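# Inside the fold
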Amino acid sequence: MAAKWDFWIDRGGTFTDVIGRDPQGELHPRKLLSENPEAYADAAIQGIRDLLGVGPGTAIPSGRIGDIKMGTTVATNALLERKGDRVLLLITKGFRDALRIAYQARPDIFAKEIILPEQLYERVIEIDERVLADGSVERLLDIAACRPAIEQAKADGIDAVAIVFMHAWKYPDHEKAVAKVCRKIGFAQVSVSHEVSPLIKLVGRGDTTVVDSYLSPILSRYVQRVAGELGAARESDQTPRLMFMMSSGGLTAADMFQGKDALLSGPAGGVVGMVETAKLAGFDKVIGFDMGGTSTDVAHYDGEYERAFDTEVAGVRVRAPMMRIHTVAAGGGSVLHYEAGRFRAGPDSAGANPGPAAYRRGGPLAVTDANVMLGKLQPDFFPAIFGPGQDQPLDVETVRTKFAALAAEIGDGRSPEAVAEGFVTIAVENMANAIKKISVQRGYDVTEYLLNCFGGAGGQHACLVADALGMEAVLIHPFSGLLSAYGIGLASVFASRQQALLKPLAEESRTEIAGLIATLKKAVIAELAVQGIAEDAVAAKPVLHIRYDGTDTTLPVNFESDSIFQAKRDFEIAHKAQFGFVYDD
């Protein structure tokens, strides 16, 4: 068998990073603008073409490609811009507004006008059924009565459906029956809550199911397009193996990639990259600082990957294992504003199109331009990929003119350079605060950590951010501009299952816990087996989510020791660290 190329790709909001590993094992980096409609349809495919030396219009020789590992922001962007598919929600009668009302949380307690986030589903049909918490059926499911309304929704062009019934995490029979009907009627995407998120609480389970049905169709269209161009859709030994990065930091086969697992697909690669490169440099306590074009992602690592199971992304609650990453809207493309006597950087971004003023597309002044103005970004060392022919350097003149005009508008005698410096200081403060949120506010002493700095704009601000936080060590990897792509290349294939079990943490619950772990492990191993991974190559790790009776906050505790006593002790240590107290009894 001839040696093949492997590709590791991270498609971000502004830039797409591609690392190709040639048959000799050499790595070849490539950076392209994510959106450049005049030049190419899809940046990832174009990057592969460039590295293989295949001209436009020529078919990509799929026989030369081995593995393609990819992280993508397609799902995240669709959620942020509310551009997912039209969704029909089927829910137990009497609960049609349960997901809209949700927990009545008020993030801004003094807001006079509370603007609820736009719901992802377009239409609700209440299904006449009700199972009680103990499993007894109060109202039998009447499928015939609800079928016409479901058929009408399909006829109106809605093609995705989310099914969420009360207590279905434990008693899923009614959901299964309705899902069967929906598949018969011909819905392309059917997300069922007991499969997507079999956890207690209607709102979290419902939101996750709706997100899944809202984003999965978009993802599957994107995956099919990529697979089609690369010849990965045809089954044979010669076709490339296409894998996608999940929010949890693991890879999965393209055809198993689901909407709920895709929200942090790109940034999760960065976390794996930051940890692996820091380990090679001899550090085991790391703060990752990933500053890209649109936003900055920060993450914390202290010997264990931190995963959150209950996350809010773009105003939507999602329950799926995700790397714990905190994002702030301060990137290289964050637009600079001067209004009412104060400077502001972001939260809006100039993106890739038009991009910052220096990108020769008539964009506004952004953080990148401030660094050009201060001479921290030298056009000679920056890729010359601008202008109509994609061969011109950064446009320094426009930046100088715009900053001079802004300094004149401010009119307090500050030079254009001083104005640029002021904006950079504000952006740095935003990023330092984001790092405090994941470290200092959770009881970690940030001065003992390494700042692993990556992303296209990270290096320009690394020392300033480290100074603002009192950190002493900064690591900039040779691949720091493409570390997310590098991390995706280093990641392993991953599968996870969750299931709720409401039982006291005591010896008498032990057999049930063991039984459930065995069932879930079987499902995980089966999912990996389909992707060609032998059972003896699988490392499994059971995690219990434990809470005090009567409280709402669960903490994840490793249960590899299989000891209830140990789990209890670990829970108390974690509870004390996070909340500062433990109960005696």
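Structure: see above.
Read on for an overview of the structure. (Residues numbered from 1 in each chain as written. Predicted model: local features only at pLDDT ≥ 70, side-chain atom pairs only at ≥ 80, totals over all residues. Heavy atoms only, no water.)

### Concerning the pairing of strand 11 (residues 241–245)
Applicable threshold: Relative accessibility thresholds used throughout: buried, under 20% of the residue-type maximum; exposed, over 50%; partly exposed, between the two (1.4 Å probe, protein chains only). Runs of H or I in DSSP of at least four residues are treated as helices and runs of E of at least two as strands, each being numbered from the N terminus. By this definition, two strands are paired if DSSP reports at least two bridges between them.
By the criterion of burial, strand 11 is predominantly enclosed, with four of the five residues buried. Here strand 4 (residues 65–72) pairs with strand 11 via four bridges, running parallel. Considered in strand 11, the bridge of Ile68 is made with Leu242. Taken together, the three bridges between strand 11 and strand 12 (residues 251–253) define a ladder with antiparallel strand orientation. Residue Phe244 lies in a different strand from strand 12, and its bridge partner there is Thr252. In this antiparallel pair of consecutive strands, strand 11 and strand 12, the connection spans five residues, and Gly249 shows a positive phi of 90°.

### A closer look at unusual backbone geometry
Even without a glycine there, the phi angle at Arg82 is positive, about 55°. With respect to the element layout, Arg82 can be found in the loop between helix 2 (74–80) and strand 5 (87–92). In the Ramachandran plot, Ala102 falls in the positive-phi region, its phi being about 50° despite a non-glycine side chain. Tracing the sequence through the fold places Ala102 in the loop between helix 3 (98–101) and strand 6 (123–127).

### Quick word on the packing of aromatic side chains
For the record, the criterion: Pairing of aromatic rings covers Phe, Tyr and the six-membered ring of Trp, with a centre-to-centre limit of 6.5 Å; geometry is then stacked below 30 degrees between planes, edge-to-face above 60, and tilted otherwise.
One pass over the structure, following the stated rule, counts 13 aromatic pairs. For the ring pair Tyr338 and Phe343, a centre distance of 5.8 Å and an interplane angle of 80° mean the geometry is edge-to-face. Taking 5.4 Å as the distance between ring centres and 45° as the angle between the ring planes, the aromatic pair formed by Phe479 and Tyr486 counts as tilted. Among the aromatic side chains, those forming a connected cluster through ring pairs are Phe15, Tyr359, Phe382 and Phe386.

### Examining the nonpolar core
The test is simple: In this text, buried Ala, Val, Leu, Ile, Met, Phe, Trp, Tyr and Cys residues form a nonpolar core when linked through side-chain atoms within 4.5 Å.
Ranked by size, the top nonpolar core spans 135 residues in total, and within it Phe7, Leu89, Leu263, Met274, Phe289, Phe403 and Ile435 carry the most contacts. The greatest single-element share of this core, amounting to twelve residues, is contributed by helix 7 (residues 202–230). Counting 21 residues, the second largest nonpolar core, distinct from the first, contains Leu90, Ile150, Ile158 and Cys182.

### Section: the pairing of strand 13 (residues 285–291)
Along strand 13, six of the seven residues are buried, which leaves the element largely enclosed by surrounding structure. Relative to strand 14 (residues 296–302), strand 13 is paired through seven bridges, and the arrangement is antiparallel. Bridge assignment links Phe289 to a residue of strand 14, and that residue is Val298. Adjacent in sequence and paired antiparallel, strand 13 and strand 14 are bridged by four residues.

### Some details on empty space enclosed by the protein
To keep it simple, the criterion reads: Only protein atoms enter the calculation, which uses a 1 Å grid: trapped sets of points that fit a 1.4 Å probe without letting it out are cavities, open sets showing protein on both sides within 12 Å along at least five of seven lines are pockets, and any residue with an atom within 4 Å of a point is a lining residue. Grid points are joined across faces, edges and corners, and a volume is the space filled by probe spheres set on the points. For this classification, Asp, Glu, Lys and Arg are treated as charged, while Ala, Val, Leu, Ile, Met, Phe, Trp, Tyr, Cys and Pro are nonpolar and the rest, including Gly, are polar.
Counted according to the given criterion, the structure contains two cavities of 30 Å³ or more. Each pocket or cavity is described by its volume, and for the largest cavity that value is around 60 Å³. Forming the boundary of the largest cavity are Pro267, Gly270, Val271, Met274, Gly288, Phe289, Asp290, Asp297, Val298, Ala299, Ile325 and Phe454. Put simply, the parts of the chain that give the lining of the largest cavity at least two residues each are helix 8 (265–280), strand 13 and strand 14. Examining the composition of the lining of the largest cavity, we find that four residues originate from one element, helix 8, more than from any other. Roughly 40 Å³ of internal volume is contained in the second largest cavity. Lining of the second largest cavity is provided by Val271, Ala299, His300, Tyr301, Tyr305, Glu306, Met323, Arg324 and Ile325. Ranked by the residues each element gives to the lining of the second largest cavity, the list is headed by strand 14, at three residues. A per-class count over the lining of the second largest cavity returns six nonpolar, one polar and two charged.

### Structural notes on the packing of helix 11 (residues 416–438) against helix 12 (residues 458–469)
Put simply, the rule is: Axis definition: a line fit to C-alpha positions, over the contact stretch in the case of helices; interaxial angles, taken between N-to-C directions, run 0 to 180 degrees. Angle categories: roughly parallel below 35 degrees, roughly antiparallel above 145, roughly perpendicular from 65 to 115, and oblique for all the rest. Each helix crossing is assigned a hand: it is left-handed if the near helix lies turned anticlockwise from the far helix by less than a right angle, otherwise right-handed if that turn is clockwise. The contact definition used throughout considers only heavy atoms, calling two residues in contact when any of these lie within 4.5 Å.
The N-to-C vectors of helix 11 and helix 12 enclose an angle of 60°; their axes lie 9 Å apart at closest approach. Comparing the axis directions of helix 11 and helix 12 gives the class oblique. In this structure, the crossing between helix 11 and helix 12 has a hand that is right-handed. Along its contact with helix 11, which presents Val424, Val428, Met431, Ala432, Ile435 and Lys436, the element helix 12 presents His461, Leu464, Val465, Ala468 and Leu469. Its residues assigned to classes, the contact of helix 11 with helix 12 comprises nine nonpolar, one polar and one charged.

### Points about the side chain of His575
Relative to the elements of secondary structure, His575 occurs in helix 15 (residues 564–579). Excluding anything up to four places from it in sequence, His575 contacts Tyr548, Leu555, Gly580, Phe581 and Val582.

### A few points about a nonpolar patch on the surface
Formally: Only residues whose relative accessible area exceeds 30% and that take part in no salt bridge are eligible for patches, with like-charged residues grouped when within 9 Å of each other and nonpolar side chains (Val, Leu, Ile, Met, Phe, Trp, Tyr) grouped when within 5 Å. Residue exposure ignores everything except the shown protein chains as possible cover, and the areas themselves are Shrake-Rupley values with a 1.4 Å probe. Salt bridges are counted wherever a side-chain nitrogen of Lys or Arg sits within 4 Å of a carboxyl oxygen of Asp or Glu.
A surface patch of nonpolar side chains, about 280 Å² in accessible area, is lined by Phe579, Phe581 and Tyr583. Among the secondary structure elements, Phe581 is positioned in the segment after helix 15.

### Re the sheet that holds strand 4
Ordered in space as 3-2-1-4-11-12, the six strands form an open sheet in which the pairing is mixed. Each having just a single partner strand, strand 3 (27–33) and strand 12 make up the two edges of the open sheet. On average, each strand axis in the sheet is tilted by 20° relative to the strand beside it, whichever way the strands run. In the sheet, strand 1 (residues 5–11) pairs with strand 4 via six bridges, with the strands oriented parallel. Bridge pairing in strand 4 links Trp5 to Ile65. Each of strand 1, strand 2 (15–21), strand 3 and strand 4 is contacted by helix 1 (residues 43–52), which is oriented at about 140° to strand 3, the strand it contacts most.

### Remarks on the side chain of Arg82
Rule in force here: Within this scheme the basic residues Lys and Arg register as positive and the acidic residues Asp and Glu register as negative, but His and the chain ends are omitted. Polar contact criterion, stated in full: a pair of N or O atoms within 3.5 Å, where within protein one must be able to donate a hydrogen and the other to accept it, and residues adjacent in sequence count only if both atoms are side-chain atoms.
Glu118 provides the closest opposite charge to the buried, salt-bridge-free Arg82, at an N-O distance of 4.7 Å. Only 2.7 Å separates the side chain of Arg82 from the backbone oxygen of Leu79, close enough to count as a polar contact. Ignoring sequence-local partners within four residues, the contact set of Arg82 consists of Pro117, Glu118, Leu120, Tyr214, Ala314 and Val316.

### Description of the sheet that holds strand 23 (residues 473–475)
Two modes of strand pairing occur in sheets, parallel and antiparallel, and in both the strands are linked by backbone hydrogen bonds. Taken in spatial order, the five strands of this open sheet run 19-14-13-22-23, and their pairing is mixed. Among the strands making up the open sheet, the edge pair consists of strand 19 (325–328) and strand 23. In this sheet, adjacent strand axes meet at a mean angle of 20° when their direction is disregarded. Note: strand 14 against strand 19, four bridges, orientation antiparallel. Bridging across to strand 19, Ala299 finds its partner in Ile325. Along the sheet face, helix 11 touches strand 13, strand 14, strand 19 and strand 22 (450–454) and points at about 30° away from the line of strand 14.

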